[in-house]
Every structure is written in structure tokens, then in C-alpha cells.
Amino acid sequence: MTVRVSKPNKKAGILALSITIVLVAFFIYLGETYGWSEYIASGEIAAVLAAIISFMHFFVKIQRREVLKGSRRAGVVLNYFSLLVLLFCFYLGKSNGFNLPVVLIGLGALGAIIASFIVVHMRTRLWHLTHAHSDMLDEREIQIAHHSLRFSYGLFTVICLALLIVNEFLREYGAGYGRTPLMPIIGALIYLAHTLPSSVLAWTETEV
């Protein structure tokens, strides 16, 4: 499959990047003014990730290169595994304190997320394919994007409902769970919603 997608709208990119930068500054202000609670730190991390992804999507031009199916699948696994590791480090640090090993592992996981995102989603142009307006795609690309969106968001719905059930169960029977911040998980779900369609294509398409 050869992906030909028009350049992203720079005006929309400036708007998206401006909003994320404002959010980054806003959470820094809250942290410096009221102290860095788990909620504020989680919001800051989510805002920084959103700013990085917005900048890469709209303003960073990465030369398209064919990536073999096995490499793409390995990249998808690494990307989401690193996301889970990052979440684990956050909650482990919240429970036992953010020591140097936890911070280093978390930063390593964040680096792996960004690196695998570039290889799987940016270099293959699949991210742009699943986020492009239908007017920018031909009929075949529209069908491919529609299939990936339908499958991925069906899967995303199941994941969200499962998390809601687990959350309510732990809130009811898990002592002290009600005080656990959910912002990191919400941020991870937002990232998942945006990357699942292109991950499905990276996993299933023979040639990209």
C-alpha cells in the first residue's frame, strides 16, 4: 500500500500547538502556585505529550520509507508496552516515592514511545492517512481508513468499558483506591484513541 496524503493544514496545526502550549504553561502555573500534586503533574505530562504529537504531526516532515510488516508489528507492541510501563512507573512512584530508578525507567519508556511512534506512525505516513480529511484521499485510501477506524474504535469502546467496570469494582472493594488519580489513564486513553487506527493498519497491511 502506497500512502499519498496531502500536507496537514498549517493553520489547524498552529491552533492545536498553541492550545497545547497554553495547557503546558497553565499546568506549570498551577504546579508552581499550588504545589505539584498528582493531578497537576498528570495534566502536565499529558499536555507535553499532546504538544509533542501536535508539533510532529503538523510541522515535522519525516521522509516516508517502507517499513517491513514484522518491524511495524514490533513497533506497535513496543509503543503500547512502553505506555503501560510509563503508567506503572507513575503509580509506583506515587505509592512508594519517585526515586531515581523509577524516574529513569519512566523517561526511558517515554523515549521508547516517541521513537516507536515516529517509526510506526510517522515514517509510514499512516498517522496522516487516518487523520486526513476524506477530500485528501482517493477511494481506496478512504476504504482502508474507514475499516481501520471502525475496528479500532470498536476495540477502544470495549477497552474503555472494561476499565470502567474495573474502576468501579476497585472503588467499591479496594481500600484507598478512590484517592488514586485517573488522569494518567485518561491521557493514555486519548493517546490510544488517536493511534489505534494507524496501529491497526501497521499491523495488518502487507506493504506500507
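Keep in mind the model is a prediction, meaning the values are calculated, not measured.

The rules we used
Residues numbered from 1 in each chain as written. Predicted model: local features only at pLDDT ≥ 70, side-chain atom pairs only at ≥ 80, totals over all residues. Heavy atoms only, no water. 1 Å grid on protein atoms, 1.4 Å probe; cavity = no way out; pocket = protein on both sides within 12 Å on 5 of 7 lines; lining within 4 Å. Points joined across faces, edges and corners; volume = space filled by probe spheres on them. Helix = DSSP H or I, 4+ residues; strand = E, 2+ residues; numbered from the N terminus. Nonpolar A, V, L, I, M, F, W, Y, C, P; charged D, E, K, R; others polar. Core = buried A, V, L, I, M, F, W, Y, C linked by side-chain atoms within 4.5 Å. Buried < 20%, exposed > 50% of the residue type's maximum accessible area, 1.4 Å probe, protein only. Expected span 1.5 Å × (residues − 1). Bend = angle between axes of the 7 residues up to and from the residue. pLDDT = per-residue confidence, 0-100.

1. Remarks on the layout of surface pockets
Space inside the second largest pocket adds up to approximately 520 Å³. As for the second largest pocket, its lining consists of 19 residues, and the residues nearest its centre are Leu 87, Ile 159, Leu 163, Ile 185 and Leu 189. Broken down by secondary-structure element, the contributors of at least two residues to the lining of the second largest pocket are helix H3 (69-96), helix H6 (139-173) and helix H7 (183-204). When residues in the lining of the second largest pocket are grouped by element, the largest group, seven residues, is from H6. Grouping the constituent residues of the lining of the second largest pocket by class yields 18 nonpolar, one polar and no charged.

2. Comments concerning the nonpolar core
By size, the foremost hydrophobic cluster in this structure holds 28 residues, and its most contacted members are Tyr 80, Phe 117, Phe 156, Tyr 191 and Leu 192. Contributing elements (two or more residues each) for this core: helix H2 (38-59), H3, helix H4 (100-122), helix H5 (126-131), H6 and H7. Ranked by residues supplied to this core, first place goes to H7 with eight residues. Core analysis: the next-biggest nonpolar cluster, separate from the first, contains five residues, Val 24, Phe 27, Ile 40 and Ala 47 among them.

3. Points about H7
In this model H7 runs 31 Å from its N-terminal to its C-terminal C-alpha over 22 residues, within 8% of the 32 Å that 1.5 Å per residue would give. Where H7 bends most, the angle comes to about 45°, and this point is Thr 195, followed within four residues by the proline Pro 197.

4. Regarding empty space enclosed by the protein
In total, this model carries one cavity of 30 Å³ or more according to the counting rule given. Estimated volume of the largest cavity: approximately 60 Å³. Lining the largest cavity we find Leu 49, Ile 52, Ile 53, Met 56, Ile 113, Ile 114, Phe 117 and Tyr 191. Within the residue set of the lining of the largest cavity, elements represented by two or more residues are H2 and H4. A total of four residues in the lining of the largest cavity trace back to one element, the largest contributor, which is H2. For the lining of the largest cavity, the residue count by class is eight nonpolar, no polar and no charged.

5. Re the confidence of the model for the protein chain
Segments scoring low in pLDDT should not have their predicted coordinates read at a detailed level. Model confidence for the protein chain is summarised by a mean pLDDT of 81, while 87% of its residues fall at 70 or above. Across the protein chain, element-level confidence peaks in H3 with a mean pLDDT of 89 and bottoms out in H2 with 74.

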